[in-house]
Amino acid sequence: MPRKIFSFLLKGFAALTALIALYFFCAWLLGRMEINTARKDDGTITLYLLSNGVHTDIAMPLYHEVFDWTTVVHPSHARQAGSVGYVGLGWGDREFYLDTPTWKDLKVSTALKAATGLGRTAIHATFYPLLEENENSIRIQVSPEEYRKLVHSILPAFKRQNNHAVPVSSRYGYGDYDVFYEANGRYSLLTTCNTWTNRHLKNSGVKAVVWTPFAGSLMNAYRNRQEL
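Residues numbered from 1 in each chain as written. Predicted model: local features only at pLDDT ≥ 70, side-chain atom pairs only at ≥ 80, totals over all residues. Heavy atoms only, no water.

Engineer: Help me out: how do you make sense of the overall build of the chain in this one?
Structural biologist: Scanning the chain for helices and strands turns up six helices and 10 strands. By the compact-globule yardstick of 17 Å for 228 residues, the chain fits well, its C-alpha radius of gyration being 19 Å. Taken along its principal axes, the extent of the C-alpha atoms in the chain is 70 × 45 × 30 Å. A total of 228 residues make up the chain; the buried ones form 45% of that total. Partitioning the intrachain contacts of the chain with sequence separation of at least 6 by distance along the chain shows that 76% fall at a separation of at least 24. By element, 59% of the accessible surface of the chain is carried by carbon and sulfur atoms, the whole surface being about 12,400 Å². Here the chain contributes 24 positive and 19 negative side-chain charges, whose respective centroids are spaced 12 Å apart. (Helix = DSSP H or I, 4+ residues; strand = E, 2+ residues; numbered from the N terminus. Rg over C-alpha atoms; globule rule 2.2 N^0.38 Å. Buried < 20%, exposed > 50% of the residue type's maximum accessible area, 1.4 Å probe, protein only. Contact = heavy atoms within 4.5 Å. Areas by Shrake-Rupley, 256 points an atom, 1.4 Å probe, with all protein chains shown as cover. Lys, Arg positive; Asp, Glu negative; His and termini not counted. Charge placed at Lys NZ, Arg CZ, Asp CG, Glu CD.)

Here it is as structure tokens:
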């Protein structure tokens with residue numbers, strides 16, 4: 001009997017290892033396959049792809065004739081946003097967002113719940129006075145039509161009341177210039193914060209990759225463009 005149990009555990013470990021290897025291989029392969037590469041990055045509206053190395057946000061003009069984001073989110077929901085030019089939006093597991101401001105705060109239970117899609121989700125909005133390109137910020141020029149598609153792709157991610165996003169009532173954001181909103185959808189290993197960002201860029205017709213759970217693949221797709 002012990003031998004059978006050991007054999008069963010060994011097979012289970014081998015299967016798990018194979019699945020993990022397949023996951024990372026697919027992430028590496030599909031994250032290198034770029035789409036919408038033929039479009040010219042010469043639109044009149046400036047967006048920014050932001051990353052902290054793990055997570056990506058899409059930053060858009062707070063006010064624009066194509067869409068006014070204050071009709072959905074608003075700087076007054078933050079502690080003291082002040083003068084705002086851009087709003088950066090990112091989506092993710094609600095508990096991970098709220099209870100894990102730094103990696104040292106990460107709990108095994110939080111990670112497992114996020115990975116398996118058992119928890120709720122939230123949208124993190126950060127208000128910026130200005131943005132510029134740097135190693136963690138990449139400028140994207142889009143046309144009004146591309147921007148319109150991007151906005152309409154993102155809007156269903158918000159839980160809304162009277163067309164306004166619903167702030168998470170339990171707390172503000174991490175600092176003075178951000179806030180969390182209730183969101184739709186389920187986070188998992190297949191649908192991460194970065195697949196969310198990538199999907200909306202893809203839906204708008206701008207450069208993206210086939211699929212990636214990681215920030216690096218998407219950022220690299222745009223860095224490759226800049227190096228040409």
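Engineer: Whenever I open this one, the packing of aromatic side chains confuses me. Can you help?
Structural biologist: What characterises a pair of aromatic rings is the spacing of the ring centres plus the angle enclosed by the ring planes. In this structure the tally under the stated criterion is 13 aromatic pairs. Note on Y174 and F180: the rings are 5.2 Å apart at their centroids and 85° apart in plane angle, and the pair reads as edge-to-face. The buried category is assigned to F180, whose relative accessible area is 0%. Through pairs of rings, three or more aromatic residues link up here, namely Y23, F24, W211 and F214. (Phe/Tyr/Trp six-rings, centres within 6.5 Å; stacked < 30°, edge-to-face > 60°.)

Engineer: What am I meant to see in the environment of T116 here?
Structural biologist: Note on placement: T116 falls in helix α3 (residues 108–116). T116 gets classed as exposed once you look at its relative accessible area, which sits at 51%. Spatially, the C-alpha atoms of T116 and L190 are 9.2 Å apart, while their sequence positions differ by 74 residues.

Engineer: Would you explain helix α5 (residues 193–204) in this entry?
Structural biologist: Three- or four-residue spacings in an α-helix give side chains the same orientation, since the helix completes a turn every 3.6 residues. Over its 12 residues, α5 extends 17 Å from the first C-alpha to the last, a length consistent with the 16 Å expected when each residue adds 1.5 Å. Taking burial as the measure, the 12 residues of α5 include nine buried ones, the bulk of the element. Buried residues of α5: C193, N194, T195, W196, T197, N198, H200, L201 and S204, and no others. G205 sits one or two residues past α5 and shows a positive phi near 90°. (Expected span 1.5 Å × (residues − 1).)

Engineer: So what exactly am I meant to see when it comes to the nonpolar core here?
Structural biologist: Soluble globular proteins tend to bury their nonpolar side chains together. Counting residues in hydrophobic clusters, the biggest one holds 43 residues, and the most contacted among them are W69, L89, F127, Y147 and F158. For this core, the element with the most residues is helix α4 (residues 144–154), which contributes four residues. Apart from the residues lying within four places of it in its own chain, the contact partners of W69 are M60, P61, L62, V87, L89, Y147, V151, I154, L155 and F158. (Core = buried A, V, L, I, M, F, W, Y, C linked by side-chain atoms within 4.5 Å.)

Engineer: Can you walk me through a nonpolar patch on the surface in this structure?
Structural biologist: Nonpolar side chains collect at one region of the surface, where L19, L22, F25, W28, L29, M33 and V210 lie side by side and expose about 660 Å² of accessible area between them. Residue class for L22 comes out partly exposed when judged on its relative accessible area of 48%. (Patch = residues over 30% accessible without salt bridge, like charges linked within 9 Å, V, L, I, M, F, W, Y side chains within 5 Å. Salt bridge = Lys/Arg side-chain N within 4 Å of Asp/Glu carboxyl O.)

Engineer: Looking at this model, I keep getting lost on the pairing of strand β9 (residues 178–183). Mind explaining?
Structural biologist: For a regular strand, side-chain orientation follows a simple rule: the groups alternate between the two sheet faces. Of all six residues that make up β9, six are buried, and the element is covered over most of its length. One ladder, built from six bridges, connects strand β5 (residues 121–128) with β9; its direction is antiparallel. Its bridge partner lying in β9, T121 is registered against A183. (Pairing = 2+ DSSP bridges.)

Engineer: Can you walk me through the pattern of salt bridges in this structure?
Structural biologist: Pairing between side chains of opposite charge can happen when the charged atoms of each approach one another. Across all of its chains, the model carries six salt bridges by this definition. A salt bridge links E34 to K207, with the nearest nitrogen and oxygen atoms 3.1 Å apart. Placement of E34 in strand β1 (residues 34–35) and of K207 in the loop between α5 and β10 (208–209) is noted, with a sequence separation of 173 residues between them. We classify E34 as partly exposed; its relative accessible area is 29%. Under the relative-accessibility criterion, K207 is labelled buried at 9%. Across the pair R148 and E145 runs a salt bridge whose closest N-O atoms are separated by 2.9 Å. Highlighted residues: R148 and E145, both in helix α4, separated by three residues, approximately one helical turn. E145 sits in the partly exposed class, given a relative accessible area of 42%. Each member of the salt-bridge network shares a partner with another, and the members are R39, D41 and E146.

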